[in-house]
Amino acid sequence: MKAYINNIAHPIAQGETILEFVRRIEADKNAIPTMCQDDRLENFGSCRVCSVEVAREKDGPTRTMASCHTPISEGLYIYHNTEKMQRLRKNIVELVLSDYPDDKIYPPKNKKATPFQETIAHIGIPNVRYPEGDNHLDTKPDKSHPYIKSDLSQCINCFRCVRACEEIQGEMVLGMSGRGFATNIIKGFDESFDESACVSCGACVQTCPTEALTDVFETKTLIADKTVRTTCTYCGVGCQLEVAVIDGKIKGIQAPETAEVNEGHTCLKGRFAFQFYNHPDRLREPMIRKNGTLEVVTWDEAYNFIAEKLISIKNKYGTDAIGGISSSRATNEENYLMQKMIRVAIGTNNIDGCARVCHAPTAMGMQQSFGTGAATNSVEDLKHTDAIFLFGANPVKGHPVTGAKIKQAFMKGVTSIVVDPVKTVLSELATYHLQLRPGTNVAILNMMAHYIITDNLVNTHFISSYTEKYEKFKSHVVGLDMDELATLTGVSKELVRKAAHAYAKADRAMEFHGLGVTEHYQGTKTIMLLSNLAMMTGNIGKNGVGLNPLRGQNNVQGAADMGVQPHQGAGYMDINKPDVQRYYAEKYGVEKMPEKEGYKIPEMLDAALDGNIKALYIMGEDTIMTDPNTNHSIKAFEKLELIVVQELFMTATTEMAHVVLPASSYFEKNGTFTNGERRVQRVNKVIEPIGNTKPDGQIIIDMMSKLGYDQPTGLIYDAEKIIEEIADVIPFMKGLTWDRLGKNGLQWPIKEYGTDTKMLHIDGAFKKGIGTFHHFDFEESPEILEHGKQYPFILTTGRELEHYNSGTMTRRTKNQKILSKDVLEVHPKDAIKKGIDDHELVRIFSDRGSVNIHVKYSKNVKKGILRTTFHQPDVFINIITGSVGDKTTMTPEYKVVAVDFEKI
C-alpha cells in the first residue's frame, strides 16, 4: 500500500500516523513541527501545529488534519509544508506567544534551545498582534523539590507533563485546573512539588517542551562537551542513560527514547542520584590498617601486603582457608575476573556473591524445574499478556520502570493477582490481592494448584507432551486440606480459588516475583511451585507468559552467569564434575582446578568462627550491613587474619578491614551489566577515575599478577578483551562481542553469529530436556517455631523507592533529603495497645539484639505484622534479623523475623 507526500508515492507501514509516515520517509523528525506530541505518549492533537493538508486524489480538494493522531491510509495525498500550513502554524504560535515571556523566546548563548524554541525557529517568529497583558501564570517559581523545579510562566498548556505523569509513570500527580485563559497546571491538590505525591521520576521534566518544568541540573538545555550512553547502576531493570559531561564532570542525565529497556524513562535514582560519584566521602587512596588505624599507602604497598598475607595463609592453612565475596554492583567482566582469581590464582571454590542473600533460590529452583535459572521472557511481553501474577514483589518501588509498566497494565484493566503480606500501590489496583501471612508462600501456591486441578483447568496437552512427574504432584496437591491451609495463610479459600481461576483461564498469564518469594525458609521450593503453575497451565514458551524474576541489583544476574557461586563456575557448569574441572583448567591455562565445592557466604562466616576461614577478599559488598544477624557477622570478622575490601566509600565492612582499596564507580570504567531479562548491555566509561581509584577489574588483574597468575588478555583491564574470553568459556554467550552489543544489548543465549534470544523454552524445549514437577508440604519457619512465642510479631523487610539497598550511594545524593530515615510500619491497633503514638521512637528486639526506630501507623500491614526497610545505618535493622535461611541455598529469611517492640 502506498500514500503520497507532495505527489510522490511511498510505501506505508501498518498502524502509522501521518506524522510517523512523513518523518520516516523524509528521515527527519522535524519534517512536521509539533508542540504537544511526544513519541512516548498517546497522540493528543491539542496544539494543531502538526496540521497538514490531506487529499483523496492528486491535486484534489484538501482538508486540514492533525497529523499526529490521523492514521495514514492507502491513496492519501499529504501536503505538509504548504503556504497555508505555514500560515496556520504561525497563527497558532502567535497565540501561544501572546501569553509567553518575551525573554524566553530565544535560548541564551550558554543554553541549548528547548523543543518549543526549536519549533518557533522552524516556523518563524510571528508578529504578535494580540494586546499585551499580564502573564496569567506569572507566579513565583516552585523550587521546593530537591530535584524538580517549575516556572509556570513558561507553560504553554501542551498537556505533555500531565500525560507523561499518567501514561508513563502512572501517578497522575499533575493535572489541569481552571478554564479558558485561567487554565493552568497544578501539582497534587494545587500544592508545591515537595508537598505533592510526586515520585520524582522526572518524566514531566524530560517531556516539557519549555522550561516550565526543569530539573536543578537544567539537563535538557545543557550544552555538553560530550554525551555518553551507559547502563544504570541501581536495580535489575537495566535502564539506558545518556550522561552529559562538561569539563570532565557529570552535569545531568536523560533517558534515551531509543532504549528498548526503558523507552525514554527512568526513576529518580537513575536520572538524578548521580552526585555520589564525586562526593567528598569517596575513597581515593589505598589504605592499610596500622596500629588499629587505616593509613594511606601506595598501590604497590597495598598489593604486596595482600599478596604476602594471602600466600602465607595459603601455605599455613591451605587454599580453602581463603574466601572471596564478589559484587552485583560490579560489571560482568569484573565478576568473571574475581571468581577466576579465587579459583585459579588462589585455588579454592570459596567464591560467592550477593545473589546468596537475594535470588539464589530463583536460580536453583528454576534450574530444577526448567534447566535454566533465569527469566523465561522479556519485560516487553507485558504488551501481550492477559493476566499478571505478581508474587512477593513491589516493583513500583524496587524496580520502578518495570513497575510503572506493570502499573499501567493494571490501570488498563488486565487481570491481575498480587500475593503480598503488605498492601501496596499495585495490590490496591489488582483484581485479587492475597494478603497472606509472611512465610506461608508454599501453602498459598498449593491452594492455587489444588483448585486449578480439581476444577479441571490444567493444560493436559502441555503436561503430557513436555513435562514429567505431574501425577505425583497432582496426587499430593489434591489430598491437601484447604481449610487448614486457609487458616495458615490467613487468606480465604474463595479468594484463592478466584485467583487460581483467573491465572489458569487467561490465554497468556505472566508471572513476576521478587525477594518476597526467595528470602524465605522455603524459597527454592516456592520457586519450583511457581514453575509448576506455569507448566500445568501451559504458560511457558510463548509471548506474554513465563516466570520472570525481578532481579534486585543491577548485575545480580550477570554475577551468577559469570560463576560467582561456590558450586558452579562461569556458565553454570557444575564444578564437582571432573570433566568440568578439566574444561576450566584448559580454558584458564592451568594444570588443575580446585575440586572441592566451596563455602556459601553464611558458611564462610561460620567457618571463620570455627577457625577454618582465615581471610576474606571482598569486592563491593557491605557484608556487615547487608547480611543478617549483624553481631554474628561481626564476631566472624573479628576472627579473620586478613580482610580486604574494594569499595567506593567507607562502610561498616571497611571499618573492620585490614586493607581498603578504592574502586572506580561505574561512570569511570567500561564493561557490561546483565539485567533481569538476560540482557547484556554496555557500561561505557563516562569520565576518568576519581582520585587514585582503579576499576575493580584492574585491581583484580593486578592482584592476580602478584599472586603468580598473569591474565592472558593483558595486564591492563580491557573489557572488550575480557568479553572475548567470556564468550570462549561460556557456551551460551558464544556470540557475544563488544561491538555486537550495540546500544540495546543482547539477551542470552547468544548464538555464534550474534543472534540473541528473547524467550526461553519455546514449544516445550526446556534446557534440561523436559519440565519437571515437584511437590512440597508447607513447613513453618524455624524462626517462628523457636522464637514465635517469646517474640509474637513478624517483621518483614523491603525497599523504598528513593534508596538502593544499604544506601551507600543514594544517601550521598539529594535522595536522602526526600527520604532520610527508616521507619517501622505498625498496624495502629497494635501500637495503641502498647500505648505508642504515631512517629514515636520505639525499641524493636529479637533473640539477636535490638535497635531503636520510629513508628509509622500503617494499615498496609495486618495486625501482628511489622514492616521496615534497611537503608539507613543509624538503624542497622540486620542486628535483629536471624540466621534462618532457605534450606537449599542458605538465602537468609529476611521476610520472617520473630520480634517484639516496646515504648522507650
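Everything below is about the structure shown above.
Residues numbered from 1 in each chain as written. Predicted model: local features only at pLDDT ≥ 70, side-chain atom pairs only at ≥ 80, totals over all residues. Heavy atoms only, no water.

Draft legend 1. Fine view of the overall build of the protein. Tallying secondary structure elements over the protein gives 30 helices and 35 strands in all. Taking 29 Å as the expected radius of gyration for a compact globule of 904 residues, we find that the protein reaches 29 Å, a close match to that expectation. Referenced to the eigenvectors of the C-alpha coordinate spread, the extents of the protein come out at roughly 90 × 70 × 65 Å. The buried share among the 904 residues of the protein stands at 63%. (Helix = DSSP H or I, 4+ residues; strand = E, 2+ residues; numbered from the N terminus. Rg over C-alpha atoms; globule rule 2.2 N^0.38 Å. Buried < 20%, exposed > 50% of the residue type's maximum accessible area, 1.4 Å probe, protein only.)

Draft legend 2. Up close: the pattern of salt bridges. Counting across every chain of the model gives 46 salt bridges. The closest approach of N and O atoms between Glu 301 and Lys 290, which form a salt bridge, is 3.1 Å. Placement of Glu 301 in helix 7 (residues 299–317) and of Lys 290 in strand 13 (residues 287–290) is noted, with a sequence separation of eleven residues between them. The partner of Lys 768 in a salt bridge is Glu 468, and the shortest N-O contact between them spans 3.7 Å. Taken as a pair, Lys 768 in the loop between strand 28 (746–747) and strand 29 (771–772) and Glu 468 in strand 20 (residues 467–468) lie far apart in primary sequence, 300 residues in all. With a relative accessible area of 34%, Lys 768 lands in the partly exposed category. On the basis of relative accessible area, Glu 468 is assigned to the partly exposed category, the value being 28%. Residues joined in a network through salt bridges with shared partners are Arg 23, Lys 29, Asp 38, Asp 39, Arg 40, Arg 160 and Glu 257. (Salt bridge = Lys/Arg side-chain N within 4 Å of Asp/Glu carboxyl O.)

Draft legend 3. The arrangement of the packing of helix 8 (residues 332–346) against helix 26 (residues 719–729) in detail. Contact pair helix 8 / helix 26: the axes reach a minimum separation of 9 Å and the direction vectors enclose 65°. The chirality of how helix 8 crosses helix 26 is left-handed. When helix 8 is examined against helix 26, the residues Asn 332, Glu 333, Tyr 336, Leu 337 and Lys 340 are found in contact with a partner set consisting of Ala 719, Ile 722, Ile 723, Glu 725, Ile 726 and Val 729. (Axes fitted to C-alpha atoms, helices over the stretch in contact; angles between N-to-C directions. Left-handed = near helix turned anticlockwise from the far one by under 90°. Contact = heavy atoms within 4.5 Å.)

Draft legend 4. Main features of the packing of aromatic side chains. Scanning all chains against the criterion turns up 28 aromatic pairs. Ring centres of Phe 462 and Phe 766 lie 6.3 Å apart, and the angle between their planes is 90°; on these two criteria the pair is classed as edge-to-face. One end of the pair, Phe 462, is in helix 14 (residues 460–466); the other, Phe 766, is in the loop between strand 28 and strand 29, and 304 residues separate them in sequence. We classify Phe 462 as buried; its relative accessible area is 6%. Taken together, the ring pairs in this structure connect Phe 276, Tyr 277, Tyr 666, Phe 667 and Phe 673 into an aromatic cluster. The aromatic ring of Trp 748 is capped on one face by Arg 678, whose charged end is 5.9 Å from the ring centroid. For Lys 694, the ring lying beneath its charged end belongs to Trp 299, and the centroid distance is 4.7 Å. (Phe/Tyr/Trp six-rings, centres within 6.5 Å; stacked < 30°, edge-to-face > 60°. Lys NZ or Arg CZ within 6 Å of the ring centre and 35° of its normal.)

Draft legend 5. Examining the side chain of Thr 651 more closely. By the element assignment, Thr 651 lies in the loop between strand 24 (642–647) and strand 25 (659–662). Residue Thr 651 is classed as buried on the basis of its relative accessible area, which comes to 7%. The contacts of Thr 651, once residues within four sequence positions are left out, are Asp 622 and Thr 808.

Draft legend 6. Representation of the pairing of strand 4 (residues 62–66) within the structure. With five bridges connecting them, strand 3 (residues 51–55) and strand 4 associate as antiparallel partners. When the bridges of strand 4 are listed, Ser 51 appears paired with Ala 66. Linking strand 3 back to strand 4 in an antiparallel pair, the connection comprises six residues, with Asp 59 at a positive phi of about 60°. (Pairing = 2+ DSSP bridges.)

Draft legend 7. Representation of the sheet that holds strand 17 (residues 387–391). Ordered in space as 19-18-17-21-22, the five strands form an open sheet in which the pairing is parallel. The open sheet has two edge strands with one neighbour each: strand 19 (432–434) and strand 22 (547–549). Averaged over all neighbouring strand pairs, the angle between strand axes comes to 15°, with direction disregarded. Against the sheet, helix 11 (residues 400–411) contacts strand 17, strand 18 (415–419) and strand 21 (509–513), and its axis sits at roughly 130° relative to strand 17. This element, helix 17 (residues 493–505), spans strand 17, strand 18, strand 19 and strand 21 of the sheet and lies at about 125° to strand 19.

Draft legend 8. The sheet that holds strand 11 (residues 240–246), seen in detail. With antiparallel pairing, three strands are arranged side by side in an open sheet as 10-11-12. Taken across any chain shown, the strands that pair with only one partner, and hence form the sheet edges, are strand 10 (226–231) and strand 12 (249–254). Adjacent strand axes in the sheet meet at a mean angle of 35°, parallel and antiparallel pairs treated alike. As defined by bridge partners, strand 10 adjoins strand 11 across six bridges and the pair is classed as antiparallel. Residue pairing across strands places Val 228 opposite Val 243, the latter belonging to strand 11.

Draft legend 9. Structural detail: the pairing of strand 7 (residues 174–177). Pairing geometry for strand 7 and strand 8 (residues 184–187), over four bridges, is antiparallel. Across the sheet, residue Ser 177 finds its bridge partner in strand 8, namely Asn 184.

Draft legend 10. Inspection of helix 2 (residues 83–97) at higher detail. For helix 2, with 15 residues, the first-to-last C-alpha span of 21 Å sits near the 21 Å given by 1.5 Å per residue. Among all positions in helix 2, only Met 85, Arg 89, Ile 92, Val 93, Glu 94, Val 96 and Leu 97 are buried. Next to the buried residues of helix 2 lie strand 3, strand 4, strand 5 (77–79) and helix 3 (115–123). (Expected span 1.5 Å × (residues − 1).)

Draft legend 11. Helix 4 (residues 160–169), seen in detail. Of all ten residues in helix 4, eight are buried, a share of seventy percent or more. Every buried residue of helix 4 is listed here: Arg 160, Cys 161, Val 162, Arg 163, Ala 164, Cys 165, Ile 168 and Gln 169. Those residues of helix 4 that are buried are in contact with strand 7, strand 8, helix 5 (203–207), strand 9 (213–215) and helix 11. Count one or two residues on from helix 4 and you reach Gly 170, which has phi positive near 75°.

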